[in-house]
Amino acid sequence: MKVAVLGAGAWGTALAGHLAARHDAVLWARDSALVAELSTAHENAHYLAGVALPRALRYETQLAAALAHGAADDALCVVATPVAGLRGLLRAMRDAAAVPAHIVWLCKGFDADTQRLPHQVVAEELAGHPSNGVLSGPSFAREVAQGLPVALTVASTSAQCRERTVAAFHHGAMRIYTGDDVVGVEVGGAVKNVLAIATGIADGLGLGLNARAALITRGLAEMSRLGATLGGRTETFTGLTGLGDLILTATGDLSRNRTVGMQLAAGRPLDAILGTLGHVAEGVRCAQAVLAIANAHGIDMPITQAVCAVLFEGVAPRDAVSALLRRDAKAE
């Protein structure tokens, strides 16, 4: 089948490489220099240095051409931009009158300006679009690009979208599960990044494995409370896109959000950390939105509150941990 991947960051590149093993895949990037490099070197040196990309994978700088490739009813368009770039790309599709029949997005987080989840952004920009969904789960781009096993979930209210996504991705070392709890999947993908910053702080301070386990477990409770309030199903948060993604992001050394937490614990300023990270850390971008939504609904999220205090209020990481430990005892 024809598949267009829009966005040549680490995750978009890794998935495009996986797709090219079986399908007619095109990877789009707006940076013509990057496309020239990919076409010549068959490697994304900035995001996935040292990982060879399939020779069958093709590259495109013209958005219209990429959209045309993935537009048909038997094709698929994969949006691989960060949350911050989602609305602009959807508007470009709409304005060009080139909206693909089936769209699946990969981004995780809340829109920082509007506090919308990605599916709400899609509904606003492509009102009435019949076949779209989110592909999410515990996954590091580098491991996927290296062909290591991974399991992901596509969530959509459209059976056609689920079928197209499975047909595209379910081969080789990648397993695709299906569901229709879009809200639950997206809340899990957003909140786990914030919790990974918290776990990185704890690990960076040397607080031990007991503290890590407590943060992950109580963080899962925060994620579940918020997700259920917003309409997600409780069982989603114990699956791949909830607990699975949280464990990976909170403990894996390839996690950007965990890295942010560890460097904050080491005393580095946030601007300096983000300036040298080289990748987007969605937990930083959406932490305030998560806390604002929780406060608006009266949901207790003390770990998220502590992360925001460190990120945006100048609270020292060790002081934030001490504040969590001073909280009154309560029933689990």
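The shown structure was predicted, so the numbers you read here are calculated from the model rather than taken from an experiment.

Criteria and thresholds
- Residues numbered from 1 in each chain as written.
- Predicted model: local features only at pLDDT ≥ 70, side-chain atom pairs only at ≥ 80, totals over all residues.
- Heavy atoms only, no water.
- 1 Å grid on protein atoms, 1.4 Å probe; cavity = no way out; pocket = protein on both sides within 12 Å on 5 of 7 lines; lining within 4 Å.
- Points joined across faces, edges and corners; volume = space filled by probe spheres on them.
- Helix = DSSP H or I, 4+ residues; strand = E, 2+ residues; numbered from the N terminus.
- Domains from an automatic or database assignment.
- Nonpolar A, V, L, I, M, F, W, Y, C, P; charged D, E, K, R; others polar.
- UniProt positions renumbered as here; feature names shortened; annotations may be inferred.
- Buried < 20%, exposed > 50% of the residue type's maximum accessible area, 1.4 Å probe, protein only.
- Contact = heavy atoms within 4.5 Å.
- Polar contact = N/O pair within 3.5 Å; in protein donor to acceptor, adjacent residues only side chain to side chain.
- Pairing = 2+ DSSP bridges.
- Axes fitted to C-alpha atoms, helices over the stretch in contact; angles between N-to-C directions.
- Buried area = accessible area lost by both parts, 1.4 Å probe.
- Salt bridge = Lys/Arg side-chain N within 4 Å of Asp/Glu carboxyl O.
- Core = buried A, V, L, I, M, F, W, Y, C linked by side-chain atoms within 4.5 Å.

A. Representation of the layout of surface pockets in the model. Each pocket or cavity is described by its volume, and for the largest pocket that value is around 1100 Å³. As for the largest pocket, its lining consists of 41 residues, and the residues nearest its centre are Ala10, Trp11, Arg256, His279 and Val280. At the level of elements, helix 1 (10-20), helix 4 (83-95), helix 6 (141-145), helix 8 (182-204), helix 10 (240-251) and helix 11 (256-265) are the ones that each hand at least two residues to the lining of the largest pocket. Both of domain 1 (2-180) and domain 2 (189-326) provide at least three residues apiece to the lining of the largest pocket. Considered as a void within the structure, the second largest pocket measures approximately 600 Å³ in volume. What lines the second largest pocket is a set of 27 residues, and nearest its centre among them are Leu215, Arg218, Ile303, Leu324 and Leu325. Every element with two or more residues in the lining of the second largest pocket is listed here: helix 8, helix 9 (208-230), helix 14 (302-312) and helix 15 (317-325). Among the elements that line the lining of the second largest pocket, the one with the most residues is helix 9, at 6 residues. Partitioned by chemical class, the residues of the lining of the second largest pocket number 19 nonpolar, no polar and 8 charged.

B. A look at the UniProt feature "binding site: sn-glycerol 3-phosphate" (unreviewed entry) in the chain. If you check UniProt for "binding site: sn-glycerol 3-phosphate" (unreviewed entry), the listed places come out as Lys108, Gly137, Ser139, Lys192, Asp245, Ser255, Arg256 and Asn257 in our numbering. If you take the residues mentioned a moment ago, the ones lining the largest pocket come down to Lys108, Ser139, Lys192, Asp245, Ser255, Arg256 and Asn257. Its place among the elements puts Ser139 in the loop between strand 6 (132-136) and helix 6. According to the relative accessible area criterion, Ser139 is buried, its value standing at 16%. In this view, Ser139 contacts Trp11, Lys108, Val150, Leu152, Asp245 and Leu248; residues no more than four positions away in its chain are not counted. Of note is the side chain of Ser139, whose polar atom sits 3.1 Å from the backbone oxygen of Gly137. Its location among the elements puts Ser255 in the loop between helix 10 and helix 11. On the basis of relative accessibility, which here comes to 1%, the residue Ser255 falls in the buried class. In terms of polar contacts, Ser255 uses its side chain to reach the backbone amide nitrogen of Arg258, at 3.0 Å.

C. Looking closely at the sheet that holds strand 6. The strand order across the open sheet formed by 8 strands is 3-2-1-4-5-6-7-8, and the pairing between neighbours is mixed. Every interior strand has two partners, whereas the edge strands, strand 3 (58-60) and strand 8 (174-179), have only one. Along the sheet, successive strands turn relative to each other by an average axial angle of 25°, direction set aside. Pairing geometry for strand 1 (residues 2-6) and strand 4 (residues 76-79), over 4 bridges, is parallel. Bridge pairing in strand 4 links Ala4 to Cys77. Where helix 8 meets the sheet, its contacts fall on strand 5 (103-105), strand 6 and strand 7 (150-155), and the angle it forms with strand 6 comes to roughly 40°.

D. Looking closely at the domain arrangement of the chain. Partitioning the chain into domains gives domain 1 (2-180) and domain 2 (189-326). A straight line from the C-alpha centre of domain 1 to that of domain 2 covers 26 Å. Counting from both sides, the interface comprises 24 residues of domain 1 and, opposite them, 25 residues of domain 2. Across the interface of domain 1 and domain 2, roughly 1900 Å² is buried in total on both sides, 71% from carbon and sulfur atoms. The largest share of the area that domain 1 buries against domain 2 comes from Lys108, Phe110 and Phe140, three residues that together contribute 37% of it. Where domain 1 touches domain 2, the interface holds 2 salt bridges. With its nearest N and O atoms 2.7 Å apart, the salt bridge here joins Lys108 to Asp245. Summed over the shared surface of domain 1 and domain 2, the number is 3 residue pairs in polar contact (both at pLDDT 80 or more). Among the secondary structure elements, those contributing two or more residues to the side of domain 1 that touches domain 2 are helix 4, helix 6 and strand 7. With 3 residues, the top contributor of residues to the side of domain 1 that touches domain 2 is strand 7.

E. Layout of the side chain of His42. Of note, His42 is situated in the loop between helix 2 (32-41) and strand 3. For His42, the side chain forms a polar contact with the side chain of Arg55, separated by 3.3 Å. In this view, His42 contacts Glu37, Val51, Ala52, Leu53, Pro54 and Arg55; residues no more than four positions away in its chain are not counted.

F. Representation of the nonpolar core. Counting 46 residues, the largest nonpolar core has Phe110, Val191, Leu226, Val260, Leu264, Val290 and Leu311 as its most contacted members. When contributions to this core are tallied by element, the ones reaching two or more residues are helix 8, helix 9, helix 10, helix 11, helix 12 (270-277), helix 13 (282-296), helix 14 and helix 15. Sort the elements by how many residues they give to this core and helix 8 lands first, with 10 residues. Apart from residues lying up to four places away in sequence, Val260 is in contact with Leu270, Ile273, Leu274, Leu277, Ala281 and Val284. Core analysis: the second largest hydrophobic core is formed by 36 residues, Leu34, Leu76, Ala141 and Leu152 among them.

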